[in-house]
Amino acid sequence: MSKDLWTFVDHYMQGALLPPDPVLEAVLRANADAGLPAIDVAPNQGKLLHLLAQLLGARSILEIGTLGGYSTIWLARALPAGGKLVTLEANPKHAEVARANLARAGLTHVVDVRVGPALEALPALVGQRFDFVFIDADKPNNAAYLEWALRLTRPGSAIVVDNVVRQGSILEAASDDPLIQGTRALFEAIAREPRLEATAIQTVGGKGHDGFVLARVVSPA
Ligand code: SAH
Ligand code: DHB
Ligand code: MG
């Protein structure tokens, strides 16, 4: 088992199932040119988000953690005409790169990029109801973001949380790493949350060994 093999398999699957996409390729180049870290979702993961949003018939999407807008574009392209996506990004430079990328993708009028720490931006969204929430920002706040996602969704909405495995480091219960404790707190919060049905899936690929949580909002019994 090696990351090289996972990467080759990713390339094989992407070659078979994901047509060349000059816009998304330009986005990744623009991110690299701007010095952004290459921590976007992988192309096949981006397409998974896109398909999930389409399967849900999502008309409103909330993303926490924009970076250069790579996952944002995958998600926004799943929206029907009139659909909207709000994405929250703390780093003004990332947000600026994302806005340029969204313009390149023709999505400026679909996506609302809000700059600032997500926990400061989220209260302004109270009253809105999102069909799909993608949580992919600072991992120590994941339990808090989950709580917000519950406030901003409805029964039938879906919530996806990225990077919940981190090469298996989530098993380190005694760790004082806030990333690990944040992710463990997320799992514990989901476990005691009657408004959610959830699973988690490990992934391997060009981005290493990681995973995501998929949850569905239900009406509590
Ligand atoms: N979803 C993106 C990757 C996001 S990387 C993609 O797949 O393409 C995580 C992002 O979260 C980074 O851009 C980082 O600046 C941002 N972030 C970190 N802390 C944050 C916070 N408190 N509020 C909002 N965004 C934050
Ligand atoms: C990191 C963040 C991510 O969202 C990701 O997908 C991979 C890595 C990070 O902060 O290291
Ligand atoms: Mg991520």
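Data block above holds the structure.
Residues numbered from 1 in each chain as written. Chains lettered and ligands numbered in written order. Predicted model: local features only at pLDDT ≥ 70, side-chain atom pairs only at ≥ 80, totals over all residues. Heavy atoms only, no water.

S.K.: Account for the coordination of the magnesium ion (ligand 3), naming residues and giving values.
M.R.: Coordination of the magnesium ion (ligand 3) by the protein comes from Asp136 (OD), Asp162 (OD) and Asn163 (OD1), over a distance range of 2.0 to 2.1 Å. In primary sequence terms, the donor set of the magnesium ion (ligand 3) follows D-x25-D-N. Assigned by exposure class, Asp162 and Asn163 land together as buried. (Donors = N, O, S within 2.8 Å, 3.2 Å for Na, K, Ca; no water. Buried < 20%, exposed > 50% of the residue type's maximum accessible area, 1.4 Å probe, protein only.)

S.K.: With reference to specific residues and values, describe the site of ligand 1.
M.R.: Close contacts around ligand 1 come from 22 residues, with Ser71, Glu89, His94, Ala118 and Asp136 the closest. Within the contact set of ligand 1, a nitrogen atom lies 2.8 Å away from a backbone nitrogen or oxygen of Ala118. Taken by itself ligand 1 offers 580 Å² of open surface, and the protein chains cover 88% of this. (Near = heavy atom within 4 Å. Polar contact = N/O pair within 3.5 Å; in protein donor to acceptor, adjacent residues only side chain to side chain. Areas by Shrake-Rupley, 256 points an atom, 1.4 Å probe, with all protein chains shown as cover.)

S.K.: Hey, could you go over the pattern of salt bridges for me, with residue numbers and the actual values?
M.R.: One pass over the structure, following the stated rule, counts 8 salt bridges. With its nearest N and O atoms 2.7 Å apart, the salt bridge here joins Asp21 to Arg77. On the criterion of sequence distance, the pair formed by Asp21 in the loop between helix H1 (3–17) and helix H2 (22–33) and Arg77 in the loop between helix H4 (70–76) and strand E2 (84–89) is long-range, its members being 56 residues apart. Residue Asp21 is classed as buried on the basis of its relative accessible area, which comes to 17%. With its nearest N and O atoms 2.8 Å apart, the salt bridge here joins Glu193 to Arg195. (Salt bridge = Lys/Arg side-chain N within 4 Å of Asp/Glu carboxyl O. Helix = DSSP H or I, 4+ residues; strand = E, 2+ residues; numbered from the N terminus.)

S.K.: Can you tell me about the sheet that holds strand E6 (residues 196–205), naming the residues and giving the values?
M.R.: Within the open sheet, the 7 strands sit side by side as E3-E2-E1-E4-E5-E7-E6. Their pairing is mixed. Of all strands in the sheet, those bounded by a partner on one side alone are strand E3 (111–115) and E6. On average, each strand axis in the sheet is inclined to that of its neighbour by 15°, with strand direction left out of account. In the sheet, strand E5 (residues 158–162) pairs with strand E7 (residues 208–217) via 5 bridges, with the strands oriented antiparallel. By the bridge assignment, Val160 is partnered in E7 with Leu214. Against the sheet, H1 touches E6 and E7, its axis set at about 105° to E6. Where helix H3 (residues 43–56) meets the sheet, it contacts strand E1 (60–64), strand E4 (132–135), E5, E6 and E7, and its direction lies at approximately 160° from that of E4. (Pairing = 2+ DSSP bridges. Axes fitted to C-alpha atoms, helices over the stretch in contact; angles between N-to-C directions. Contact = heavy atoms within 4.5 Å.)

S.K.: Describe the pairing of E5, listing the residues and the values that go with them.
M.R.: Counting buried residues in E5 gives 5 out of 5 residues, a clear majority hidden from the surface. In E5, alternate side chains face the same way, and those of Ala158, Val160 and Asp162 on one face and Ile159 and Val161 on the other are all buried. Note: E4 against E5, 4 bridges, orientation parallel. Note that in E5 the partner of Val133 across the bridge is Ile159. In this fold, the crossover linking E4 to E5 by way of helix H7 (residues 142–151) has right-handed handedness. (Right-handed = clockwise from strand over helix to strand, strands pointing away.)

S.K.: Kindly report on the site of ligand 2, identifying the contributing residues and their values.
M.R.: Taken together, Ile39, Asp136, Lys139, Asp162, Asn163 and Arg166 are the residues near ligand 2. One of the side-chain N or O atoms of Asp162 is found 3.3 Å from an oxygen atom in ligand 2. In this structure, an oxygen atom belonging to ligand 2 sits 2.7 Å away from a side-chain N or O atom of Asn163. When its residues are assigned to classes, the shell around ligand 2 shows 1 nonpolar, 1 polar and 4 charged. (Nonpolar A, V, L, I, M, F, W, Y, C, P; charged D, E, K, R; others polar.)

S.K.: An account of the nonpolar core is needed here, citing residue identities and associated values.
M.R.: Within the largest apolar cluster, 28 residues are counted, with the highest numbers of intra-cluster contacts made by Leu62, Ile64, Leu88, Leu122, Ile135, Ile159 and Leu196. When residues of this core are traced back to their parent elements, those giving at least two are E1, E2, helix H6 (118–121), E4, H7, E5, helix H8 (178–191) and E7. With 5 residues, H7 is the largest single contributor of residues to this core. Residue contacts for Leu122: discarding those within four places in its chain leaves Leu62, Ile64, Leu88, Tyr145, Trp148 and Leu152. Grouped together as the second largest cluster of nonpolar side chains are 27 residues, Leu49, Leu85, Val160 and Phe212 included. (Core = buried A, V, L, I, M, F, W, Y, C linked by side-chain atoms within 4.5 Å.)

S.K.: How would you summarise the packing of H2 against helix H5 (residues 92–104) if you had to cite specific residues and measurements?
M.R.: Where H2 contacts H5, the two axes come as close as 10 Å, and the packing angle between them is 160°. The angle between the axes of H2 and H5 places the two elements in the roughly antiparallel class. As for how H2 packs across H5, the hand of that crossing is right-handed. Of H5, the residues touching H2 (which contributes Val23, Ala26, Val27, Ala30 and Asn31) are Val97, Asn101 and Arg104. Its residues assigned to classes, the contact of H2 with H5 shows 5 nonpolar, 2 polar and 1 charged. (Parallel < 35°, antiparallel > 145°, perpendicular 65-115°, else oblique. Left-handed = near helix turned anticlockwise from the far one by under 90°.)

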